[in-house]
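Structure assessment
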Amino acid sequence: MSKGQYWLLRYFKPICLVMLVVSLIGFNLILSNALHLKVHSAGQQLTKQVYELQLNAPLNQKTLSVLAQSNGFMLAPESSSLHFKNIIKPQLEVFSYKTLNLGLYHSPVWIMESYLFILLNLVIVGAAISLYRWGSAANFRQLKHRSRHHKPTKLTSSISNLNVVKNVESEELASLYAAAEQYHSLFVLVSWECKFDKNTDLETSFKVFILKGIPEIKKVAVKLINPDKLTIMLYNVPIAELDRYTERLHKIIFNVCQSHQKNTTRKHVKLGACNFRLGADQSKVLQIAQSALTLSKNSMLLHRHRLALSKSQEVLFCNEQVINNIKKNKFMLSFQPVFDLISGDIIQHEALIRVRHDMHGLLAAQYFINQVESKDDALILDKAVLSQILTLVMAEKSPLSVSINMHPKNWLNDKFWSWLTMQMDKLNLSCQLQFEMSESFFCNNKNALANTLNIIKKHRSNIIIDNVKTSENIPLLIHCEEVIGLKLSYELVHLVNEKSHNQKCIKEIVNAGKMLNLPVYAVGVETQKELIMLTKLGVAGAQGFYFSEPLQELTQAVFH
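Residues numbered from 1 in each chain as written. Predicted model: local features only at pLDDT ≥ 70, side-chain atom pairs only at ≥ 80, totals over all residues. Heavy atoms only, no water.

This next bit is on the overall build of the protein chain. The number of helices and strands found in the protein chain is 18 helices and 16 strands. Buried positions account for 40% of the 560 residues belonging to the protein chain. Counting contacts in the protein chain only where the partners sit at least 6 residues apart, residues at least 24 apart contribute 68% of the total. Looking at the protein chain as shown, the accessible area adds up to about 32300 Å², and 56% of this sits on carbon and sulfur atoms. (Helix = DSSP H or I, 4+ residues; strand = E, 2+ residues; numbered from the N terminus. Buried < 20%, exposed > 50% of the residue type's maximum accessible area, 1.4 Å probe, protein only. Contact = heavy atoms within 4.5 Å. Areas by Shrake-Rupley, 256 points an atom, 1.4 Å probe, with all protein chains shown as cover.)

Okay, here's the thing in structure tokens:
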């Protein structure tokens, strides 16, 4: 592409916009002047008519007034609205014919002929839009044609051979920092509770429906494992569209099942997916997909799950590995800031643990937390995390709060709270710790948590209710002074700009929170469109990769 073509592409839209504005201004000035000449001519004709009729103004006021009104004039200005008196103020103009001078008032020409202004302006704007689209299409076709015949230089050829995908640790970060579009393969396991006719070729039927439902994906593999389980492989799926394709696949399978058995509902079709890069270990892909399918089967609301296979996901810690690495201090904390959506200030940080693995580096909690099952191991995990956070809070004084996601088993563990009470008494903290508790756990254990809530209140700490999915249980918080905020579930936030049901749920949660003076925060915000929609819905703050990845510098991350 030449330099001239580049500047044409870059400034094509603003040039067209400027030309349209200038054209509209010039046209309206010319039209206004022409209409004013028309009014002046009408005034002259009226003055001539009055002269010839020899109307005496004092004696024939009523006749003169009727004659003026019939020609669009007034003998005296009419009172206009206070709001628009300076805009639509009647204009006085003196018309002369021989010895007669007649002063008449008339409305501004743009009001008298408003329909004409509107019609002609719409015609011009419509013509400009059509011309712009035609010119833009022709321009880009020409540039595309030239680029096809343009031979790449040695430099561009050498760059194209580099595998830049290997340098990106996370697909989300890659899309966040505008890396080139990447593609993954999507392996899907589907199970259903539906009876098909024995003569139906399920593999062929499902493949045909998938190809019809997703025509842009050219390469699809379908294999029936048993009468109620199917594997699907989609190749070259854009990373940004993985969730959308997972949703579309679930819908296609559901429609096929429902066409064979009318009473089939969405909960009867469960789907687990794993996206991966070329060359990944297939056994690990299968393992991850099976885990995703298990999550779907265990959920009453979410009938499809997708898990990614990346460098940090190719292995799952066993319980013994997790605890041994915690004991050896082979872990670190990172902190994800929560931003106020009005002021843009950081209002708190969420502490995230990363456990070090000899082969795979730092692994996030979601890949090993389910392996920590015993009460004693959960105690070791949270004591290690809290000890490090308490040290940081005392080392660096700051008004910012640090929120902590504890293991569910420790919320009702008297031994843990006895230890934490001793630590907090010793350090004399001042309202800097917040504990995050899932909505479902709070509702299921509200009465049993009375002692825990008293300890938190005594030490001037607070609670954030996490993973909120509906407004149904928010009224239960009316007497819980320790609760100071709500965090939406990731499922509600993800692609909220495209899902009207999610928008409705969030609006209800925000309204219910306002009744109790509880701000609502969003997690996992990845795109600007999500952020704009969340702001419109009244969400107070948000965190996610759109703002910042988790910060690794511990003291600087939390306190500076």
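A word on the pattern of salt bridges. Considering all chains together, one arrives at eight salt bridges under this definition. Note that glutamate 216 is salt-bridged to arginine 248, the shortest N-O span being 2.8 Å. Of this pair, glutamate 216 sits in the loop between α7 (202–213) and β4 (220–226) while arginine 248 sits in helix α8 (residues 242–260); the two residues are 32 residues apart in sequence, bridging distant segments of the chain. For glutamate 216, a relative accessible area of 38% gives the class partly exposed. Its relative accessible area of 25% is what places arginine 248 among the partly exposed residues. A salt bridge links arginine 244 to glutamate 241, with the shortest nitrogen-to-oxygen separation between them at 2.6 Å. Judged by its relative accessible area of 32%, arginine 244 is partly exposed. Taking the relative accessible area as the measure of exposure, glutamate 241 reaches 25% and is therefore partly exposed. Linked by salt bridges that have partners in common, Glu241, Arg244 and Glu498 make up one network. (Salt bridge = Lys/Arg side-chain N within 4 Å of Asp/Glu carboxyl O.)

The subject of this paragraph is helix α9 (residues 282–298). Here α9 is 17 residues long and its end C-alpha atoms lie 24 Å apart, about the 24 Å a rise of 1.5 Å per residue gives. Every buried residue of α9 is accounted for by Val285, Ile288, Ala289, Ala292, Leu293 and Ser296. One side of α9 holds all its buried residues, which, seen down the axis, span an arc of 140°. In this structure, the buried side of α9 is in contact with β3 (183–192), β5 (229–238), β6 (269–276) and β7 (304–308). (Expected span 1.5 Å × (residues − 1). Arc of directions from axis to C-beta.)

What follows is about the sheet that holds β7. As summarised here, the arrangement of the five strands in space is β4-β5-β3-β6-β7, forming an open sheet in which the pairing is mixed. Each end of this open sheet is capped by a strand with a single partner; those strands are β4 and β7. Taken over all neighbouring pairs, the strand axes of this sheet differ in orientation by 20° on average, direction set aside. For β6 and β7, the ladder comprises five bridges, and the chain directions are parallel. (Pairing = 2+ DSSP bridges. Axes fitted to C-alpha atoms, helices over the stretch in contact; angles between N-to-C directions.)

The next point concerns the packing of aromatic side chains. What the rule picks out here adds up to ten aromatic pairs. Ring centres of tryptophan 192 and phenylalanine 206 lie 5.3 Å apart, and the angle between their planes is 40°; this geometry places the pair in the tilted category. One end of the pair, tryptophan 192, is in strand β3; the other, phenylalanine 206, is in helix α7, and 14 residues separate them in sequence. Look at tryptophan 192 and you get buried, because its relative accessible area is 3%. With a centroid separation of 5.4 Å and 80° between ring planes, the pair formed by tyrosine 546 and phenylalanine 547 is classed as edge-to-face. Under the relative-accessibility criterion, tyrosine 546 is labelled partly exposed at 29%. The partly exposed category is assigned to phenylalanine 547, whose relative accessible area is 26%. The ring of tyrosine 235 has lysine 219 sitting right over it, with the charged end atom 4.6 Å from the ring centre. (Phe/Tyr/Trp six-rings, centres within 6.5 Å; stacked < 30°, edge-to-face > 60°. Lys NZ or Arg CZ within 6 Å of the ring centre and 35° of its normal.)

The subject of this paragraph is the environment of leucine 307. Within the fold, leucine 307 resides in strand β7. Take leucine 307: its relative accessible area is 25%, and that puts it in the partly exposed class. Sequence spacing of leucine 307 and phenylalanine 276 is 31 residues, and the spatial spacing of their C-alpha atoms is 9.3 Å. When residues no more than four places from it in sequence are discounted, the contact partners of leucine 307 are Ala273, Cys274, Asn275, Ile288, Ser291, Ala292 and Leu295.

Looking now at the state of the cysteines. Enumeration over the complete set of coordinates arrives at zero disulfides. Note on cysteine 480: no disulfide assigned, nearest cysteine sulfur contributed by cysteine 443 at a separation of 9.8 Å. When its relative accessible area of 10% is taken as the criterion, cysteine 480 is described as buried. (Disulfide = S-S within 2.5 Å.)

This next bit is on α7. Taking 1.5 Å per residue, twelve residues should reach 16 Å; α7 reaches 16 Å between its end C-alpha atoms and fits that length. When α7 is considered as a whole, its buried residues turn out to be Leu202, Phe206 and Ile210. The buried side chains of α7 occupy one side of the element, clustering within an arc of 55° when seen end-on. Where the residues of α7 are buried, they touch β3, β4, β5 and α8.

Further remarks concern the confidence of the model for the protein chain. Residues at a pLDDT of 70 or more form 76% of the protein chain, whose mean pLDDT is 76. Within the protein chain, no element has a lower average pLDDT than helix α5 (residues 154–160), which sits at 31, and none a higher one than strand β15 (residues 520–522), at 95. The low-confidence segment residues 553–560 (pLDDT under 50) makes 21 contacts with residues lying over four places distant or belonging to another chain. (pLDDT = per-residue confidence, 0-100.)

What follows concerns a nonpolar patch on the surface. Nonpolar side chains collect at one region of the surface, where Leu17, Val21, Ile25 and Leu29 lie side by side and expose about 400 Å² of accessible area between them. Among the secondary structure elements, leucine 17 is positioned in helix α1 (residues 3–53). (Patch = residues over 30% accessible without salt bridge, like charges linked within 9 Å, V, L, I, M, F, W, Y side chains within 5 Å.)

Bridging between strand β1 (residues 91–97) and strand β2 (residues 100–106) involves seven bridges; their strand directions are antiparallel. Its bridge partner being in β2, valine 94 is matched across the sheet by glycine 103.

Our next topic: the environment of glutamate 320. Within the secondary structure layout, glutamate 320 lies in helix α10 (residues 319–327). Owing to a relative accessible area of 57%, glutamate 320 belongs among the exposed residues under this scheme. Taking C-alpha positions, glutamate 320 is 9.1 Å from aspartate 377, a pair spaced 57 residues apart along the chain.

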